[in-house]
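Each chain, written out:
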Amino acid sequence: MITYEDHRLRALAEDGRWQELLAAYRQGRAAAVVEAGEEAAAALTAPLGHLIAYAAPPELAVRLFDRDGGEGTVAGVADHDAGPLWEVLATRHSWLRLAPLLGPAPVRRLVAHTRVLLGEDLSYGAEPDPEGVPLRLEPWEAAGWEEAVRVREYLPGGGARSALLTLPASREGLGEVELPAPVARTDGRPVGPRVTRARAELGALASWAEVACVRGQAPLAAALLARSRRVVGGYLPFALAYPALVRAAAVGRAQGCAHGRLGLWRALAAMAGTDGPEPGEVNALVARMRCFTWQEPAAGLHHLHVALEDPASGVAWAVSGSQEL
């Protein structure tokens, strides 16, 4: 039900009275924190936060994340409506407009990587990423998807459109494959820190999916998680798997695609055996990586079924999950 307060706030937005709307957001959030706690307050005020992040001038919209309003008034990286409020903001303005205005480092970093996903090259003129993740897309990052679908498309009154996370997306290029007999996965067995860290990073990237690891080829890793040994599957370039892996972190609304990019770079760095996301080593890994994907008969609306093999190390990781949401 649309309330009187909803009508009042929308009227203020139509009149461009953004200072009043920001004040209403801050007052409402602070009061809700006292009454119901931080998580409930973030949810209750998120629709108004979305409106401000989407339509307010950037000089005012960035103040959603400033602490000058006092305790309980500030939106954090987890505040979301149809998606994180910082991602809504990042889709509306260039880094050139936002860089002089954004304060909090965590929000600033996520906004920067969202702009990178949207095609901006921030490798010059922006502060380096603290982990060393490049501030421009590598060619293999840009190759597999169109710029327009890399981040949710947010709507002015709330809500968003986003491409479905589907890997594989169809049977095209796939065929009947007999997977090898499953073997013991590395879980619980003595393995090097490289394998352990990569498995953990992939698990963090797609927390709703299962991750397995074996010493062997990609189909052998897929056999651990596939529901049948006879599947429709096949190999594809890593660039075509990349979009789904990035989107894996953004299933649901609390996280954005910037989380996916950062998480995947961490996982690739771990697979490559480097301490951090060193572009040269990651690019070399991507060039030699073998990616196997397969279909599951009962896949949900969002699904990810892929095995990633590094021939240099002889280790393969499989990620498999499905959600109806």
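Preceding block: the structure.
The structure contained in this document is the topic of the report that follows. (Residues numbered from 1 in each chain as written. Predicted model: local features only at pLDDT ≥ 70, side-chain atom pairs only at ≥ 80, totals over all residues. Heavy atoms only, no water.)

### Focus on the overall build of the protein chain
Along its length, the protein chain carries 13 helices and 9 strands. Expected size for 325 residues packed as a compact globule is a radius of gyration near 20 Å; at 21 Å, the protein chain falls within 12% of this value. For the C-alpha atoms alone, the extent of the protein chain along its principal axes is close to 65 × 45 × 35 Å. Counting only residues that meet the buried cut, the protein chain has 52% of its 325 residues in that class. The long-range share in the protein chain, meaning contacts at least 24 apart out of those at least 6 apart in sequence, stands at 69%. On the protein chain, roughly 14600 Å² of surface is accessible, and the fraction owed to carbon and sulfur atoms is 54%. In the protein chain, 32 positive and 38 negative side-chain charges are present, and the distance between their average locations comes to 4 Å. (Helix = DSSP H or I, 4+ residues; strand = E, 2+ residues; numbered from the N terminus. Rg over C-alpha atoms; globule rule 2.2 N^0.38 Å. Buried < 20%, exposed > 50% of the residue type's maximum accessible area, 1.4 Å probe, protein only. Contact = heavy atoms within 4.5 Å. Areas by Shrake-Rupley, 256 points an atom, 1.4 Å probe, with all protein chains shown as cover. Lys, Arg positive; Asp, Glu negative; His and termini not counted. Charge placed at Lys NZ, Arg CZ, Asp CG, Glu CD.)

### What to know about helix α11 (residues 238–248)
Burial within α11 is extensive, with 10 of its 11 residues counted as buried. For α11, the complete set of buried residues consists of F238, A239, A241, Y242, P243, A244, L245, V246, R247 and A248.

### A closer look at the pattern of salt bridges
Inspection of every chain in the model, using the stated rule, returns 19 salt bridges. Between R115 and E120 there is a salt bridge whose closest N-O contact spans 2.6 Å. For R115, a relative accessible area of 12% corresponds to the buried category. Several salt bridges share partner residues, and in doing so they unite R109, D129, E131 and R266 into one network. (Salt bridge = Lys/Arg side-chain N within 4 Å of Asp/Glu carboxyl O.)

### Digging into helix α12 (residues 257–272)
Taking 1.5 Å per residue, 16 residues should reach 22 Å; α12 reaches 22 Å between its end C-alpha atoms and fits that length. α12 sits mainly inside the fold: 15 of its 16 residues count as buried. Once α12 finishes, G273 follows within two positions and takes phi at roughly 80°, a positive value. (Expected span 1.5 Å × (residues − 1).)

### Section: the packing of helix α9 (residues 193–205) against α12
Interaxial distance between α9 and α12 falls to 8 Å at its minimum, and their mutual angle equals 165°. Considered as vectors, α9 and α12 are oriented roughly antiparallel to each other. Here α9 runs over α12; the crossing is left-handed. Where α9 approaches α12, its residues R194, R197, A198, E201, L202 and L205 are matched on the opposing element by G260, G263, L264, R266, A267, A269, A270, M271 and A272. By residue class, the composition of the contact of α9 with α12 is 9 nonpolar, 2 polar and 4 charged. (Axes fitted to C-alpha atoms, helices over the stretch in contact; angles between N-to-C directions. Parallel < 35°, antiparallel > 145°, perpendicular 65-115°, else oblique. Left-handed = near helix turned anticlockwise from the far one by under 90°. Nonpolar A, V, L, I, M, F, W, Y, C, P; charged D, E, K, R; others polar.)

### Notes on the state of the cysteines
For the coordinates displayed, the defined rule picks out 0 disulfides. No disulfide involves C257; its nearest neighbouring cysteine sulfur is the one of C291, lying 19 Å away. Judged by its relative accessible area of 5%, C257 is buried. Free of any disulfide, C291 has its nearest cysteine sulfur in C213, 15 Å distant. (Disulfide = S-S within 2.5 Å.)

### Description of the packing of aromatic side chains
Within this structure, the stated rule accounts for 7 aromatic pairs. A centroid spacing of 5.6 Å and a plane angle of 35° characterise the contact between W140 and W265, whose relative ring orientation is tilted. Taken as a pair, W140 in helix α8 (residues 139–143) and W265 in helix α12 lie far apart in primary sequence, 125 residues in all. This pair shows no difference in class: W140 is buried, exactly as W265 is. When the centroid spacing of 6.4 Å and the interplanar angle of 25° are considered together, the rings of F292 and W294 count as stacked. There is no split in this pair, since F292 and W294 are both buried. Members of the aromatic cluster, joined through ring pairs, are W140, W145, F238, Y242 and W265. We note R92 situated over the ring of Y54; from NZ or CZ to the ring centre the distance is 3.7 Å. In this structure, R290 is placed above the aromatic ring of Y235, and the distance from its NZ or CZ to the ring centre is 4.3 Å. (Phe/Tyr/Trp six-rings, centres within 6.5 Å; stacked < 30°, edge-to-face > 60°. Lys NZ or Arg CZ within 6 Å of the ring centre and 35° of its normal.)

### What to know about the nonpolar core
Residues I52, W140, F238, L245, L268, M271 and L304 are the most contacted members of the largest nonpolar core, which totals 90 residues. No other element matches the 10 residues that α12 contributes to this core. The residues contacting F238, other than those within four sequence positions of it, are W140, L245, L264, L268, V286, M289, C291 and L308. (Core = buried A, V, L, I, M, F, W, Y, C linked by side-chain atoms within 4.5 Å.)

### Notes on the side chain of T45
For T45, the position within the fold is in helix α3 (residues 38–55). Look at T45 and you get buried, because its relative accessible area is 9%. Among the polar contacts made by the side chain of T45, one reaches the main-chain carbonyl oxygen of A41 at a distance of 2.8 Å. Non-local contacts of T45, meaning those with residues more than four positions away in its chain, are made with Y25, G28 and R29. (Polar contact = N/O pair within 3.5 Å; in protein donor to acceptor, adjacent residues only side chain to side chain.)

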